[in-house]
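# Report on the structure
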Amino acid sequence: MCKEMNAVWFKVQLSPCLISVYTVKKSWILMCLLIITILLFFSNGIEGSSGSKKVTDIGAIIDIKCLSGKEAKTAMEIAVQNFNNGSKRHQLSLHFKHSSGDPLQAADAAKGLIKEKNVKVLIVMRTWDDAALVADIGNQAEIPILSFTAPAITPPLVSVRWPFLIRMASDASQTMKCIAALVHSYSWKRVVVIYEDDMLGGESGKLALLSEALRDVGSEIEYRLALPPISFLSKPEDVIQEELIKVLKTIQCRVFVVLQSSFPMVAHLFEGANKLGLAGKDTSWIVANSIADSLDTFEASVISSMEGTLGLKTYYPSNTAYYRSFKEKFRRVFRLDYPDEDGFVPGIEALKAYDSITIISQAIERLNGNTSVPKMLLKILSYGNFTGLSGQIHLEAGQLSHAPMVIVNVVGKKYKELGFWLPNNGFSDTLTALKGRETLRSENGSGPVIWPGNLRERDPKGWAMPNEKEPMKIIVPSGTFEKFVSFPSGGKRPVGFCIELFDEVLKILNYSLPHEFDLHDGSYDEMIQYVYEKKYDAVVGDITILAERTKYVEFTQPYLESGLSMIVPSKPDNSMWLFVKPFDMKLWLTTGAIFIYTSIVVWFLERQNNPASPRVKGSWKTQIGTSIWFTFSSLFFAHRENTNSNLGRVVFASWLCVVFILTNSYSAGLTSMLTVKRMNPDFAYVNDLIKDKLNVGCDNDSFVKNYLKNVIGLDPNRIRPMDNIENFTDEFEKHNIAAAFLELPYEKVFLNQYCKSYSSTGATYRFGGFSFAFQKGSPIATDFSKAILKLSENGRLKELNDIWFAPSSECSNNGRDDNDVESLTLRSFWGVYVIYGVISFICIFVVVFQLKYKGQANDNNNSNPSQEVKVVEMMNYSGNGEHNNSPGRMLPGFARKRSMEPRNSAKWASVRPSDGTA
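Residues numbered from 1 in each chain as written. Predicted model: local features only at pLDDT ≥ 70, side-chain atom pairs only at ≥ 80, totals over all residues. Heavy atoms only, no water.

## Notes on the overall build of the protein
As a reminder of what qualifies: Secondary structure elements follow DSSP: runs of H or I of four or more residues count as helices, runs of E of two or more count as strands, with numbering from the N terminus. Residue burial is assigned from relative accessible area. The probe radius is 1.4 Å, only protein chains are included, and a residue is buried under 20% of its type maximum, exposed over 50%, and partly exposed in between. Should any heavy atoms of two residues lie within 4.5 Å, those residues are counted as being in contact. What sets the accessible areas is the Shrake-Rupley method with a 1.4 Å probe; for residues, cover comes only from the shown protein chains.
When you go through the protein residue by residue, the secondary structure sums to 29 helices and 27 strands. The buried share of the protein, reckoned over its 918 residues, is 45%. The long-range share in the protein, meaning contacts at least 24 apart out of those at least 6 apart in sequence, stands at 72%. Element-wise, carbon and sulfur atoms account for 55% of the exposed surface of the protein, whose accessible area totals about 47,900 Å².

## Structural notes on the sheet that holds strand β19 (residues 538-544)
Picture the strands of a sheet paired through backbone hydrogen bonds; they go either parallel or antiparallel. Stated precisely, the cut-off is as follows: Pairing between strands requires that DSSP locate at least two bridges from one strand to the other. To obtain each axis, a line is fitted to C-alpha atoms, and for helices this fit is confined to the stretch in contact; angles are then taken between N-to-C directions over 0 to 180 degrees.
The 5 strands lie next to each other as β18-β17-β19-β27-β20, forming an open sheet whose pairing is mixed. Each having just a single partner strand, β18 (515-520) and β20 (553-555) make up the two edges of the open sheet. Averaged over all pairs of adjacent strands, the angle between their axes in this sheet comes to 30°, without regard to strand direction. Pairing of β19 with strand β27 (residues 770-775) involves 4 bridges; the strand directions are antiparallel. Each residue of the ladder has a partner; that of A538, found in β27, is F774.

## Some words on the sheet that holds strand β10 (residues 310-314)
The 8 strands are arranged β7-β6-β8-β9-β10-β14-β15-β16 in an open sheet whose pairing can be described as mixed. Where the open sheet ends on each side, the last strands, each with one partner, are β7 (220-227) and β16 (426-428). For this sheet the average axis-to-axis angle between neighbouring strands, irrespective of direction, equals 30°. Running at roughly 175° to strand β9 (residues 284-287), helix α9 (residues 263-276) makes contact with β6 (190-196), β7, β8 (255-260) and β9 of the sheet.

## Some remarks on the side chain of S785
With respect to the helices and strands, S785 occurs in helix α24 (residues 779-793). Beyond its immediate chain neighbours, meaning those up to four positions away, S785 contacts F555, T556 and Q557.

## Quick notes on the pattern of salt bridges
This is how the line gets drawn: The salt bridge definition used is simple: a Lys or Arg side-chain nitrogen within 4 Å of an Asp or Glu carboxyl oxygen.
Under the defined criterion, the tally for this structure stands at 20 salt bridges. The closest approach of N and O atoms between K313 and D296, which form a salt bridge, is 3.9 Å. Of this pair, K313 sits in strand β10 while D296 sits in the loop between α10 (289-292) and α11 (300-305), and the two are 17 residues apart along the sequence. Taking the relative accessible area as the measure of exposure, K313 reaches 7% and is therefore buried. Residue class for D296 comes out partly exposed when judged on its relative accessible area of 31%. Across the pair R720 and E731 runs a salt bridge whose closest N-O atoms are separated by 3.7 Å. You can see R720 sitting in strand β24 (residues 719-722) and its partner E731 sitting in helix α22 (residues 725-733), a full 11 residues away along the chain. Look at R720 and you get partly exposed, because its relative accessible area is 33%. With relative accessibility at 17%, the residue E731 sits in the buried group. One connected set of salt bridges, linked through shared partners, spans E500, E504, K507, R796 and E799.

## Side note on the packing of aromatic side chains
To be explicit about the condition: Two aromatic rings, drawn from Phe, Tyr or Trp (for Trp, its six-membered ring), form a pair once their centres lie within 6.5 Å of each other, and the interplanar angle then sorts them: stacked below 30 degrees, edge-to-face above 60, tilted otherwise.
Evaluated as defined, the whole model comprises 37 aromatic pairs. Measuring from centroid to centroid gives 5.7 Å for F502 and F517, while their planes differ by 75°, and the two rings are edge-to-face. Residue F502 is located in helix α15 (residues 497-508), and its partner F517 is located in strand β18; the two are separated by 15 residues in the primary sequence. A centroid spacing of 6.3 Å and a plane angle of 70° characterise the contact between F728 and F750, whose relative ring orientation is edge-to-face.

## Brief notes about a negative patch on the surface
Condition: Residues enter patches when their relative accessible area tops 30% and they take part in no salt bridge; the joining distance is 9 Å for like charges and 5 Å for the nonpolar side chains Val, Leu, Ile, Met, Phe, Trp and Tyr. Within this scheme the basic residues Lys and Arg register as positive and the acidic residues Asp and Glu register as negative, but His and the chain ends are omitted. The atom standing in for a charge is NZ when the residue is Lys, CZ when it is Arg, CG when it is Asp and CD when it is Glu.
Negative charge collects at one region of the surface, where E482, E726, D730 and E733 lie side by side. Structurally, the position occupied by E733 is in helix α22.

## Looking at the nonpolar core
Quick note on the threshold: To define a nonpolar core, start from buried Ala, Val, Leu, Ile, Met, Phe, Trp, Tyr and Cys residues and group those joined through side-chain atoms within 4.5 Å.
One finds F484, F497 and Y559 to be the most contacted residues of the largest nonpolar core, which totals 129 residues. Ignoring sequence-local partners within four residues, the contact set of F484 consists of V495, G496, F497, C498, I499, D542, L560, P745, Y746, V749, F770 and F805. Judged by nonpolar contacts, the second largest core, of 48 residues, contains A79, F334, L367 and I380.

## Thoughts on the packing of α15 against helix α25 (residues 796-804)
For clarity, the threshold we go by: What sets the label is the angle itself: under 35 degrees gives roughly parallel, over 145 gives roughly antiparallel, 65 to 115 gives roughly perpendicular, and the rest give oblique. What makes a crossing left-handed is the near helix being turned counterclockwise from the far one by less than a right angle; a clockwise turn instead makes it right-handed. Under the scheme applied here, ten amino acids are nonpolar (Ala, Val, Leu, Ile, Met, Phe, Trp, Tyr, Cys and Pro), four are charged (Asp, Glu, Lys and Arg), and all others, including Gly, are polar.
It is at 11 Å that the axes of α15 and α25 come closest, and there the two elements cross at 155°. In terms of axis orientation, α15 runs roughly antiparallel to α25. In the packing of α15 onto α25, the handedness of the crossing is right-handed. For the pair α15 and α25, contact is made by F497, E500, L501 and E504 and by R796, L797, L800, N801 and W804, respectively. Considered class by class, the residues forming the contact of α15 with α25 number 5 nonpolar, 1 polar and 3 charged.

## Thoughts on the packing of helix α13 (residues 348-366) against helix α14 (residues 374-382)
Running from N to C, α13 and α14 point in directions that differ by 130°, and their axes come no closer than 9 Å. Taken together, α13 and α14 sit at an angle that is classed as oblique. Crossing of α13 against α14: the hand is right-handed. Counting all contacts with α13, which are made through I359, I360, A363 and R366, the residues of α14 involved are L377, I380 and L381. Classifying every residue of the contact of α13 with α14 gives 6 nonpolar, no polar and 1 charged.

## Description of the pairing of strand β25 (residues 739-743)
The buried fraction of β25 is high, at 5 of 5 residues. In terms of strand pairing, strand β23 (residues 696-699) meets β25 through 3 bridges, oriented parallel. Bridge pairing in β25 places C698 opposite F741.

## Quick word on the environment of I543
One can find I543 in strand β19. With 19 residues separating them in the primary sequence, I543 and S562 have C-alpha atoms 9.9 Å apart. When neighbours within four sequence positions are excluded, I543 is seen to be in contact with Y524, M527, I528, R549, F555, Y559, G769, F770 and S771.

## What about the pairing of strand β15 (residues 414-422)?
Examined bridge by bridge, strand β14 (residues 405-411) and β15 share 7 bridges and lie antiparallel to one another. Bridging from a neighbouring strand, N409 pairs with K416 of β15. Counting the residues that bridge the hairpin from β14 to β15 gives 2 residues, and of these G412 lies at a positive phi of roughly 65°. As defined by bridge partners, β15 adjoins β16 across 3 bridges and the pair is classed as antiparallel. What sits directly across from F420, in β16, is S428. Hairpin geometry of β15 and β16 is characterised by an intervening segment of 3 residues between the two adjacent antiparallel strands and by a positive phi of about 60° at N424.

## Let's talk about the confidence of the model for the protein
Convention followed: Across the chain, each position has a pLDDT score giving the predictor's confidence in that residue, from 0 to 100.
Averaged over all residues, the pLDDT of the protein equals 79, while 78% of them reach at least 70. Looking at the elements of the protein, mean pLDDT is at its lowest for helix α28 (residues 892-899), recorded as 41, and at its highest for β9, recorded as 96. Of the regions scoring below 50 in pLDDT, residues 39-50 engages in 0 contacts with residues more than four places distant in sequence or in other chains. Under a pLDDT of 50 for its full length, residues 815-819 has, in the predicted model, 10 contacts with residues more than four places off or in other chains.

## Points about the UniProt feature "transmembrane region" (unreviewed entry) in the protein
Formally: UniProt positions are given in the numbering used here, feature names are shortened, and annotations may be inferred rather than shown by experiment.
UniProt's entry tags residues 28-46, 587-605, 650-669 and 830-849 with the feature "transmembrane region" (unreviewed entry), counted in the numbering of this structure. As annotated, residues 650-669 has a helix share of 100% and a strand share of 0%, and its two end C-alpha atoms lie 29 Å apart. Helix makes up 100% of residues 830-849 and strand 0%. Its end C-alpha atoms lie 29 Å apart.

## A few points about unusual backbone geometry
Although it is not a glycine, S187 adopts a positive phi angle of roughly 60°. Relative to the assigned elements, S187 resides in the loop between α6 (173-185) and β6. By relative accessible area, which is 43% here, S187 ends up partly exposed.

## Some words on a nonpolar patch on the surface
Taken together, the side chains of W830, V834, V838, F841, I842 and F845 define a hydrophobic patch exposed on the protein surface, amounting to about 650 Å² of accessible area. Taking relative accessible area as the criterion, V838 reaches 46% and is therefore assigned partly exposed.

If you want it as structure tokens, here you go:
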């Protein structure tokens, strides 16, 4: 009982404890279950959210070994991460494949990505050859291909051949036009193009575009330096050095355009150019955007070797918050991924890579992640339009539109911006300019260009300029006329008009031009050939500009007019008919006709108005002789008779005016012919020489003989070239030649010395003028042309002409071409004759009209006799009350009628004396 009671008591005492423990365990279990449920809920919610995102796989084929490939990979990863973090419904998965720079490997990589990863879009970063092969695979799989490259010349059927290809790059046409505009801006005529050959002919399109663009601005490619791929060379510096030495020895041009090259090749190229002096003063280097876009990634030593280089950089906005944010993140990620690389600044390839992911993500958002219809995705991608890190992305039919470029100048270890190149617009200081300009120079620019060799004061000539060690080699001719150029015996320097002009030009140039002269005793064409073959730098002398010669040399502005003229022996003109030469035959005949016409008009007018005049009395012969004598005497103003009629006076006064003009003109012309010595040439026309088969002479220049034979038509056996001026006179005196053909400057020198025995006659056959000749493309020729123009404008060239080509004392007072006073022609007096003819015709018309009117009045009087009698009485009644019976005092008509009637007739009886009234 006690045990039972104790047991009961124990249970009673233990129950509260058991209840308390059970309650606590239950609370903890419930709390744990609640926490686990919450965790599972959030976990399932996140997983459900993640699982609801639609994933799109993107493939990228890059060369991970090169710096641009590493930058592109980093930029695309950042872009994918930014998109995945910001999108709630879509997610991008990026897959990379390495191409190793081999197009076939790129094609295999594309197949693997399509088959293994089921990518919906492929990005190709390397070359156009990679993109073309991958595009073929994209056509088969119907997958859009984004290419960062484009062919230099866009094929016309590119959209048909590769319908799934999207080119996020523009062709090279605007780049080549920009390079050509730079060349034209500094007046360079020739360039040397350097490029690293990809062994697939990838640069042929760029070369064709550049050649065409240069041709449009008057320049050309003189030499193409193709360097093998650097991967093929064990010692690239030696190969580059050898190629540059060839350029140094054989090419005078010093304007170098680097179209395409890998970064290691660029470093070796500029290092070799500096060693050989090809990057010194008066040289110019231009690098295309494929190189200049990566200037930020070049090492400091490479940048320093490129000092003075002009570069074309693709423009992108680098001052936006968007770019600065990306730049900071890129540098941080790139430094972690590639600690051995120095390039922590994103290049243009990295910016384009980021934008490629952006345009893909925008397309996926618009399709709501539905990429099962590739053509819909392709359509949206082909017309993307947004502002990205690389600038304005504007795609039209799968082609990126041309973007502006920045012209930069490498200075020290940096570069500065000089201006912009706007596609189809030209150079500009701003991106918003409505109209560009043709040259890079601008008053509002960022200062002068720093050229290679630290040249600042002027632009480089782009030519191998002479110096003290290597002076310019000039060849001078041993010409026919020593006044132009000649070497004095024992002298080291030639003299003459051409040499003095050359010295005057050197004074105007803003740079020194060390030179030396060599005499050439041969033809002018041989000298032209020597310059063309680069044996000499220039020809200074009396060189005629000819179309054929312009193919081989560069001529300056002509300093003397040139043409071919015929010189013939002449005799003084002592013709007995000299007095008729002031007027030509037509004028004499017209004047004689006007003289006779005037005699007839004056006679007619006097006969009607002054019957008592002696000029209208007597027989017809007497009247004609008297009228002609009256008119002839008026030529000397010796006429004595007067003209009574007013109309006759008008005509006669007009005739006196004509006489005054004619006599004074005749006197002046005859005076000139008598006072100026006139020379009568033996031959006036070339046809006379051809017809009579006469010999002719010419100066010893091959083109003159050919011209006489081929153009004028002279027998080549009749043409005799002469070596000097004395040969001409000797041959003329010996009658071995009948005429000589000389160019106009030579003719002037010849006739200034022998003006009394020879004269020029016939037509002048014009040529291009006398000039200096330089090597083709030489900028020195342009500078000489400008200097010659200045000498012509300030009068110095005329002074040199007057000094060197002054006539001799015998010829100083005798003109040559001006002494042949031409006869006056009918055209000179046509206006005077017309005015006189009009005046005389009007006077005749008035008289004829009066006669007709009087005739009608007489007919009326005959029909009324009484009136006639009254008129007669009035006309014949004298003032003293008596009739005047003199027939001479009556009107002629009445006198005749009255005399025909008898005295005792009725008509006589009807006339009675009166008191003065009718």
